[in-house]
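# Report on the structure
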Amino acid sequence: MERLPKKFIPLTTIVILTYITGCIKWNPGWEMSPNMDAQGDANVIFEQTKKLENDADTKEKLQELIAVYESASQRKPVNRTILESLARNCFLMAYGYSRNVDEKSRYYVKSIQYAEQALCLNKDFEAKVDSGAKLWESLNVLTRNDMYALMSWYFSAGSSWKECFNVLERVMNVIWVQRFQKVIGRIMAIDPTYLHGMPY
């Protein structure tokens, strides 16, 4: 068998290493510590979101809603609904209102990070990722209480891979398809009928 020309060896090595590791990167949500010294009660600010949520039918109104949720997320007590709402609305901003790749990517990543913070309210999951495990290596400890956050992570990470990368970049990150499959597999194992069968 003929050897590869030397000039192709570095490229082949890069492709193999990228397949093994993947090059999609973001700071995991569990590494982002909110500033809980901010004044005010998260639940009080959370009440302000109810009317905004019903009226958020434009990009500007959705940005305002996200800003209020983010303000609430910086205050005690930690609220699962706030984190899940941020994950949902950042996904909506990316998917429905962002018109360029940079903006889409920014909001998809924010959605992923908020979903990861919500998942860390499961202390067994938090212990695993704190010890160095990846999300897709920690799925077995997740329960039905974690479904919304896990589905938000799946939709945002998958949409980011599909919408924010060109064909070559998707090929270079093909290992992420296997990771997405692990996540949806866990979702289906927990409850395939969740939210009227949304996992299907």
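None of these values were measured; they are calculated from a predicted model.

### Here's the deal with the packing of helix 2 (residues 42-55) against helix 4 (residues 80-97)
- Relative to each other, helix 2 and helix 4 sit at 35°, their axes nearing to 11 Å. In this structure, helix 2 crosses over helix 4, and the sense of that crossing is left-handed. Contacts from Ala42, Phe46 and Glu53 in helix 2 reach Thr81, Ile82, Arg88 and Asn89 in helix 4.
- Partitioning the contact of helix 2 with helix 4 into residue classes produces three nonpolar, two polar and two charged.

### Some points on the environment of Val109
- Tracing the sequence through the fold places Val109 in helix 5 (residues 101-119).
- Under the relative-accessibility criterion, Val109 is labelled buried at 18%.
- In this structure the C-alpha to C-alpha distance between Val109 and Gly29, which are 80 residues apart in sequence, comes to 9.4 Å.

### Some words on the packing of aromatic side chains
- For the coordinates displayed, the defined rule picks out ten aromatic pairs.
- Centre to centre, the rings of Trp161 and Phe180 are 6.5 Å apart; their planes meet at 80°, and the pair counts as edge-to-face. Remark: Phe180 occurs in helix 9 (residues 175-190) and Trp161 occurs in helix 7 (residues 147-163); sequence separation between them is 19 residues. Phe180 shares its class with Trp161; the two are buried.

### Focus: helix 4
- With 18 residues, helix 4 ought to run about 26 Å at 1.5 Å a step, and its terminal C-alpha atoms sit 25 Å apart, in line with that.
- For helix 4, the complete set of buried residues consists of Ile82, Leu83, Glu84, Ser85, Leu86, Ala87, Asn89, Cys90, Met93 and Ala94.
- Those residues of helix 4 that are buried are in contact with helix 2, helix 3 (59-73), helix 5 and helix 7.
- N-capping of helix 4 is provided by Asn79, with a side-chain oxygen placed 2.8 Å from the backbone N of Thr81.

### Looking at unusual backbone geometry
- Note that the residue after Lys76, namely Pro77, is joined by a cis bond; omega there is -5°.
- With respect to the helices, strands and loops of the structure, Pro77 is situated in the loop between helix 3 and helix 4.

### A word on the nonpolar core
- Of all hydrophobic cores here, the largest spans 51 residues; its most connected members are Phe125, Leu135, Leu150, Trp153 and Trp176.
- Sorting the residues of this core by element identifies helix 2, helix 3, helix 4, helix 5, helix 6 (123-130), helix 7 and helix 9 as the ones contributing at least two each.
- The element that contributes the greatest number of residues to this core is helix 5, accounting for eight residues.

### Looking at a nonpolar patch on the surface
- A cluster of nonpolar residues, Phe155, Leu195 and Met198, forms a patch on the protein surface that exposes about 250 Å² of accessible area.
- Locating Phe155 in the fold gives a position in helix 7.

### Considering the packing of helix 3 against helix 5
- Contact geometry for helix 3 and helix 5: axes closest at 14 Å, N-to-C directions at 35°. Crossing angle aside, the handedness with which helix 3 passes helix 5 is left-handed. On helix 5, the residues that touch Lys59, Gln63, Ile66 and Glu70 of helix 3 are Glu103, Tyr107, Lys110 and Tyr114.
- Considered class by class, the residues forming the contact of helix 3 with helix 5 number three nonpolar, one polar and four charged.

### Topic: the pattern of salt bridges
- According to the stated counting rule, one finds eleven salt bridges in the structure shown.
- Lys61 is the salt-bridge partner of Asp57, the closest N and O atoms lying 3.4 Å from each other.
- Lys61 sits in the partly exposed class, given a relative accessible area of 37%.
- The residue Lys123 makes a salt bridge to Glu126 at a minimum N-O spacing of 3.3 Å. One end of the pair, Lys123, and the other, Glu126, are both in helix 6, three residues apart, so they sit about a helical turn from each other.
- We classify Lys123 as exposed; its relative accessible area is 55%.
- Note on Glu126: relative accessible area 25%, which makes it partly exposed.
- Within the structure, one salt-bridge network assembled from shared partners comprises Arg80, Glu84 and Asp146.

Rules used in this analysis
Residues numbered from 1 in each chain as written. Predicted model: local features only at pLDDT ≥ 70, side-chain atom pairs only at ≥ 80, totals over all residues. Heavy atoms only, no water. Axes fitted to C-alpha atoms, helices over the stretch in contact; angles between N-to-C directions. Helix = DSSP H or I, 4+ residues; strand = E, 2+ residues; numbered from the N terminus. Left-handed = near helix turned anticlockwise from the far one by under 90°. Contact = heavy atoms within 4.5 Å. Nonpolar A, V, L, I, M, F, W, Y, C, P; charged D, E, K, R; others polar. Buried < 20%, exposed > 50% of the residue type's maximum accessible area, 1.4 Å probe, protein only. Phe/Tyr/Trp six-rings, centres within 6.5 Å; stacked < 30°, edge-to-face > 60°. Expected span 1.5 Å × (residues − 1). Polar contact = N/O pair within 3.5 Å; in protein donor to acceptor, adjacent residues only side chain to side chain. Core = buried A, V, L, I, M, F, W, Y, C linked by side-chain atoms within 4.5 Å. Patch = residues over 30% accessible without salt bridge, like charges linked within 9 Å, V, L, I, M, F, W, Y side chains within 5 Å. Areas by Shrake-Rupley, 256 points an atom, 1.4 Å probe, with all protein chains shown as cover. Salt bridge = Lys/Arg side-chain N within 4 Å of Asp/Glu carboxyl O.

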